Amino acid sequence: MFSANHQKFMEMDELSLNKVPYFFIVDFPARNVEIFKENEIEKSGLLIDFQNFSNTKKQQTLSKNIQLKSFPETLESFKIGFDKVQKNIRFGNSYLVNYTRKTKIETNLTLEEIFYHSSAKYKVFYKDFFVFFSPETFIKIIDGKIFTYPMKGTIDASVENAAEVLRNDIKEKAEHYTVVDLLRNDLSMVADDVKVDKFQYIDFIKTKQKDLYAMSSEISGTLKPEFYGKLGSIMEKLLPAGSILGAPKPKTLEIILDAEGYDRGYYTGVCGWFDGTNLDSCVMIRFIEKEGTQMYFKSGGGITHMSRLEDEYQEMKNKIYVPIH
């Protein structure tokens, strides 16, 4: 969809074909692609904590009481972009739009402290510029097979029978079906024999503020021969990630840029670790960014024709949390 960084994606291909381990970061519009070979990570100001790769140092326990205050925009302000999204859905321009907002926060933690003391499947701290603690895998490549795990649909775990309620929620279900369908089609561009292995399984996410359940599925395929070992070409085909964009992709991107009215930057981009053979990558959500001395938390959710304004506003606010227990 974007060719601004074709050169960088070619560079990724060259490294992966030569089995050179590296870490990469791609922002949401795929305009900025950064590549760090294993020996460059340390001096780049990057801290990474993935399940199969970490360059973290042992940290002291956190001795202070954690304070986190958020200052969300008003419902009226949220509604402006929400209405633009709904109008486009009514016109048939899109059937799922991931609408996100930028919320001012105040905390007594530094970005580095948030990185070290939060728990998540994927964590990255970058140059005191941003930190994220993401539960969402983008793609994994293991021995020539490619996997993706779209995560769509969350619920407050304190709701009675929360997991069942989430699994049976008509709106969340529709959103989940749409993303599974979208990502199955996306994977088919780079892989054969694409199939849904697991559908609508529920993950538990523990946080300081509240516990959440999230709904995911697993989709897999076998890489087409022409994409074998070519990580950059695969990323160029698949980005931006469907789960944080919507469908159909090109038109939905236009709607997002108009409705959101702020620059997502690295938020909802993708980063990953290639170990010389296999890849693990994630979507950069649950994201805190610094502008000068001010911190912002970026969050949102998928909007369909069934979405209710108040519910979506609440979901955007629910996702402003730091997973430190």
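Residues numbered from 1 in each chain as written. Predicted model: local features only at pLDDT ≥ 70, side-chain atom pairs only at ≥ 80, totals over all residues. Heavy atoms only, no water.

Draft legend 1. Main features of the pairing of strand β8 (residues 137-142). Relative to strand β15 (residues 279-283), β8 runs antiparallel, the two sharing 3 bridges. The partner of I141 across the bridge, within β15, is L279. Where β8 lies against strand β9 (residues 145-148), 4 bridges are found, and the strand directions are antiparallel. Each bridged residue has a counterpart across the sheet, and for I139 the counterpart in β9 is T148. (Pairing = 2+ DSSP bridges. Helix = DSSP H or I, 4+ residues; strand = E, 2+ residues; numbered from the N terminus.)

Draft legend 2. Geometry of the environment of T110. Inspection of the secondary structure puts T110 in the loop between β5 (96-107) and α3 (111-117). For the pair T110 and V131, spaced 21 residues apart in sequence, the C-alpha separation works out to 9.8 Å.

Draft legend 3. Representation of helix α5 (residues 170-190) within the structure. Counted at 1.5 Å a residue, the expected span for α5 with its 21 residues is 30 Å, and the 31 Å between its end C-alpha atoms agrees. Turning to α5, its buried residues are K171, E172, E175, H176, T178, V179, V180, L182, L183, D186, L187 and V190. Put simply, D169 is the residue that caps the front of α5, since its side-chain oxygen is 2.9 Å from the backbone nitrogen of K171. (Expected span 1.5 Å × (residues − 1). Buried < 20%, exposed > 50% of the residue type's maximum accessible area, 1.4 Å probe, protein only. Polar contact = N/O pair within 3.5 Å; in protein donor to acceptor, adjacent residues only side chain to side chain.)

Draft legend 4. Geometry of the side chain of E289. The residue E289 is located in strand β16 (residues 287-291) in this model. Given the relative accessible area of 9%, E289 is considered buried. Only 3.1 Å separates the side chain of E289 from the side chain of K298, close enough to count as a polar contact. For E289, the residues in contact, after removing those within four places along its chain, are F129, F130, R264, Q294, M295, Y296 and K298. (Contact = heavy atoms within 4.5 Å.)

Draft legend 5. The arrangement of the packing of helix α2 (residues 75-90) against helix α7 (residues 249-260) in detail. Between α2 and α7, the least distance of the axes is 8 Å, while the angle of their chain directions is 155°. Of the possible angle classes, the one that applies to α2 and α7 is roughly antiparallel. Along this stretch, α2 crosses α7, giving a crossing that reads as right-handed. For the pair formed by α2 and α7, the contact residues are G81, K84, V85 and N88 on the first element and I255, D258 and A259 on the second. Here the residues of the contact of α2 with α7 are counted per class, giving 3 nonpolar, 2 polar and 2 charged. (Axes fitted to C-alpha atoms, helices over the stretch in contact; angles between N-to-C directions. Parallel < 35°, antiparallel > 145°, perpendicular 65-115°, else oblique. Left-handed = near helix turned anticlockwise from the far one by under 90°. Nonpolar A, V, L, I, M, F, W, Y, C, P; charged D, E, K, R; others polar.)

Draft legend 6. Main features of the nonpolar core. Core analysis: the largest hydrophobic core is formed by 93 residues, its most contacted members being F23, I139, I146, M235 and I288. Beyond its immediate stretch of four places on either side in the chain, I288 contacts I105, L111, I114, F129, F130, V131, F133, M295, Y296, F297 and V322. (Core = buried A, V, L, I, M, F, W, Y, C linked by side-chain atoms within 4.5 Å.)

Draft legend 7. Examining the pattern of salt bridges more closely. In total, this model carries 20 salt bridges according to the counting rule given. One salt bridge connects E42 with K57, and the closest N-O pair in it is separated by 3.7 Å. Of this pair, E42 sits in the loop between β2 (33-37) and β3 (46-49) while K57 sits in the loop between β3 and β4 (68-71), placing them 15 residues apart in sequence. Using a relative accessible area of 48% as the deciding quantity, one classes E42 as partly exposed. Between K249 and D186 there is a salt bridge, and its shortest N-O distance comes to 2.8 Å. Here K249 is found in helix α7, whereas its partner D186 is found in helix α5, with 63 residues between them in sequence. With a relative accessible area of 8%, K249 lands in the buried category. Take D186: its relative accessible area is 8%, and that puts it in the buried class. Three or more residues are tied together by salt bridges with common partners; here these are K171, E175 and E312. (Salt bridge = Lys/Arg side-chain N within 4 Å of Asp/Glu carboxyl O.)

Draft legend 8. Quick look at the pairing of β9. A loop of 2 residues connects β8 with β9, the two strands running antiparallel in sequence, and D143 in this loop sits at a positive phi of about 50°. The sheet contact formed by β9 and strand β12 (residues 212-223) spans 4 bridges and is antiparallel. Bridged to F147 within β12 is S220.

Draft legend 9. Fine view of the packing of α5 against helix α6 (residues 231-238). Put simply, α5 and α6 touch, their axes get as near as 9 Å, and they point 145° apart. Crossing of α5 against α6: the hand is right-handed. Taking contact as the criterion, the partners of D186, L187, M189 and V190 in α5 are, on α6, I234, K237 and L238.

Draft legend 10. Quick peek at a nonpolar patch on the surface. On the surface, a nonpolar cluster with roughly 260 Å² of combined accessible area is contributed by Y177, V196 and F199. Secondary-structure assignment places Y177 in helix α5. (Patch = residues over 30% accessible without salt bridge, like charges linked within 9 Å, V, L, I, M, F, W, Y side chains within 5 Å. Areas by Shrake-Rupley, 256 points an atom, 1.4 Å probe, with all protein chains shown as cover.)

Draft legend 11. Geometry of the packing of aromatic side chains. Under the definition given, this model contains 21 aromatic pairs. Measuring from centroid to centroid gives 6.3 Å for Y22 and F24, while their planes differ by 55°, and the two rings are tilted. When its relative accessible area of 0% is taken as the criterion, Y22 is described as buried. Given the relative accessible area of 0%, F24 is considered buried. (Phe/Tyr/Trp six-rings, centres within 6.5 Å; stacked < 30°, edge-to-face > 60°.)

Draft legend 12. Structural detail: the side chain of D280. Mapped onto the secondary structure, D280 falls in strand β15. Polar contacts involving the side chain of D280 include one to the side chain of Y122, which spans 2.8 Å. In contact with D280, not counting residues within four places along its chain, are F50, Q51, N52, Y122, T137, I139, K140, C271, G272 and W273.

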